[in-house]
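Residue-level listing of the chains:
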Amino acid sequence: MTRSNGQDAGSTFAGSETGFLRFVDVKKSYDRKTLVVNGFSLDVAKGEFITLLGPSGSGKTTILMLLAGFESVTGGDIEIDGVPVTRIAPYDRNIGVVFQNYALFPHMTISENLAYPLRARKMGRQAIASLVEEYLSLVELDGFANRFPAQLSGGQRQRVALARALIFEPALVLMDEPLGALDKKLREQMQFEITRLHQKLGFTVIYVTHDQTEALTMSDRIAVFNDGVVQQCASPDELYERPRNAFVANFIGENNMLPGEVVETVGAKVRVSVANGKEITARLADVSSAGAPCRISVRPEKMFIKTDRTGYDNEIPAKFIVQHYVGDFIRYYFELDDGTEVTVKLLNDLDAPKLGQGEIAGLMWQASDCYAFNTD
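Residues numbered from 1 in each chain as written. Predicted model: local features only at pLDDT ≥ 70, side-chain atom pairs only at ≥ 80, totals over all residues. Heavy atoms only, no water.

How should the overall build of the protein chain be read in this particular structure?
Counting its regular elements, the protein chain contains eight helices and 20 strands. Seen through its principal axes, the protein chain has C-alpha atoms that stretch 75 × 50 × 40 Å. The 376 residues of the protein chain split such that 47% are buried. Contacts in the protein chain between residues at least 24 apart in sequence constitute 68% of all its contacts with a sequence separation of at least 6. Averaging the coordinates of the 39 positive side-chain charges in the protein chain and doing the same for the 48 negative ones gives two points 6 Å apart. (Helix = DSSP H or I, 4+ residues; strand = E, 2+ residues; numbered from the N terminus. Buried < 20%, exposed > 50% of the residue type's maximum accessible area, 1.4 Å probe, protein only. Contact = heavy atoms within 4.5 Å. Lys, Arg positive; Asp, Glu negative; His and termini not counted. Charge placed at Lys NZ, Arg CZ, Asp CG, Glu CD.)

What's the story with the packing of helix 4 (residues 154-166) against helix 5 (residues 184-201) in this structure? I'm lost.
Closest axis-to-axis distance for the helix 4/helix 5 pair is 11 Å, and the angle between their directions is 20°. Between helix 4 and helix 5, the angle is such that the two are roughly parallel. Classified by chirality, the crossing of helix 5 by helix 4 is right-handed. Facing Gly 155, Gln 158, Arg 159, Leu 162 and Leu 166 of helix 4, the residues of helix 5 in contact are Leu 186, Met 190, Glu 193, Ile 194, Leu 197 and Leu 201. (Axes fitted to C-alpha atoms, helices over the stretch in contact; angles between N-to-C directions. Parallel < 35°, antiparallel > 145°, perpendicular 65-115°, else oblique. Left-handed = near helix turned anticlockwise from the far one by under 90°.)

Help me understand the pairing of strand 12 (residues 269-273), please; the structure alone is not making it clear to me.
Where burial is concerned, the two faces of strand 12 differ: the one with Val 270 and Val 272 is buried and the one with Lys 269, Arg 271 and Ser 273 is not. Taken together, the five bridges between strand 11 (residues 256-266) and strand 12 define a ladder with antiparallel strand orientation. Opposite Val 262, over in strand 12, you have Val 272 as the bridge partner. Taking the residues between adjacent antiparallel strands as the criterion, strand 11 and strand 12 are bridged by two residues, where Gly 267 takes a positive phi near 60°. Taken together, the five bridges between strand 12 and strand 13 (residues 279-284) define a ladder with antiparallel strand orientation. Looking at strand 13, one finds that Arg 271 is bridged to Thr 281. In sequence, strand 12 turns back onto strand 13 through a hairpin of five residues, with Asn 276 there showing a positive phi of about 65°. (Pairing = 2+ DSSP bridges.)

How should helix 4 be read in this particular structure?
An α-helix turns once every 3.6 residues. As a result, residues three or four positions apart point the same way. In this model helix 4 runs 19 Å from its N-terminal to its C-terminal C-alpha over 13 residues, within 8% of the 18 Å that 1.5 Å per residue would give. The buried fraction of helix 4 amounts to 12 of the 13 residues, a majority that puts the element mostly inside the structure. Packed against the buried residues of helix 4 are strand 6 (95-99), helix 2 (110-120), helix 3 (125-138), strand 7 (172-176) and helix 5. (Expected span 1.5 Å × (residues − 1).)

Sorry if this is basic, but what is going on with the pairing of strand 9 (residues 221-226) here?
The side chains of a regular strand alternate between the sheet's two faces. Counting buried positions over the six residues of strand 9 gives five, a clear majority of the element. In terms of strand pairing, strand 3 (residues 49-53) meets strand 9 through four bridges, oriented parallel. Paired with Leu 52 across the strands is Ala 223, a residue of strand 9. Between strand 9 and strand 10 (residues 229-234), which follow one another and run antiparallel, lie two residues, and Asp 227 among them has a positive phi close to 50°.

Even after reading the chapter, I still don't get the nonpolar core, so can you show me in this structure?
Where a protein is soluble and globular, its nonpolar side chains tend to be buried together. If you look at the biggest cluster of nonpolar residues, it comprises 38 residues, and the most contacted ones within it are Tyr 135, Leu 166, Ile 167, Met 175, Ile 194, Phe 203 and Tyr 207. Going through the elements one at a time, helix 2, helix 3, helix 4, strand 7, helix 5 and strand 8 (204-209) are the ones with two or more residues in this core. Setting aside anything within four residues of it in sequence, one finds Met 175 in contact with Leu 64, Val 98, Leu 162, Ile 194, Phe 203, Val 205, Ile 206, Tyr 207 and Val 208. Of all hydrophobic cores here, the second largest spans 32 residues; its members include Val 270, Val 272, Tyr 332 and Leu 336. (Core = buried A, V, L, I, M, F, W, Y, C linked by side-chain atoms within 4.5 Å.)

Can you help me understand unusual backbone geometry in this one?
Both trends apply: most residues other than glycine have a negative phi, and most peptide bonds are in trans. The backbone of Asp 81 shows a phi angle near 55°, a positive value even though the residue is not glycine. Checked against the element boundaries, Asp 81 lands in the loop between strand 4 (75-80) and strand 5 (83-84). In this structure, Asp 227 takes a positive phi of about 50° despite not being glycine. Within the element layout of this structure, Asp 227 appears in the loop between strand 9 and strand 10. When its relative accessible area of 60% is taken as the criterion, Asp 227 is described as exposed.

Okay, structure coming up:
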């Protein structure tokens, strides 16, 4: 069986065929009035794992359906390996698809389910039997060939669905919320399985989810959608540490948003007046002139509760409300003078502060760990 070298296929795409999959100004409207996808453009390298992330109704699943050929584009074009595919039938696009509901044939055995796409391609019986055996082993389901889907657990059925999408060696694999029906433990196991197979076989993935942790864990790049428009497409660490706007900052991971007003911009920094007239310094994102309303974005784990610590750029007084013990860390909840709620996330160790309800404490963080965003 022909495969790419899998030892680092999932991580070295940047130097390979950057235009293997191309979306060029793709638009989609169902009523000829409202665009649910508005000017989507993206180049995907061969072997890359791209996740489309966003809230319900943001357009991410529509992109997947357009690529699979289950929906027609309103405008723009989609190319796979240099070939426009918008006029090509779904079954001729050489794309594997994995759905949340598995989409296995209940009346067929596991081996028959895996054999189905190979029979549809007129492959010989001996070759089919060999590939079915190989892919059952690949997803660690040896000995399950003669069982029916109803006799398998959710995680096992999803592995069968994954094997069936890969067995005919498609150019591209699309996954639409494939782990959404699984519990937390199974979901984490399947994240590992999909990542393992992606690295081993080197196939290209377009993955749709609304689960931020899943996207951050599995992806080479993440495209964050809102109202049919990509807000930012970047690596997981770039999105988390350097969000382009307030939507991305608020959507990816936990975040505190402090309302304020721009005092002054100096180079790449900005001074902002927040609750009770307190001034803090932040990194300049997309705010403009002095006097403009803005929001300061700072992650809970970037903030500290003042004890004997020094050397922090920003400090603001806050009233302690309650704390939640979460095992390896503790969440502290505070309230600023203007009613803004703030969360601080600290490791659970001997130095974790003990506060009384209503106690005023100083919250500290570095200017390099926060951004000033427009309120729009």
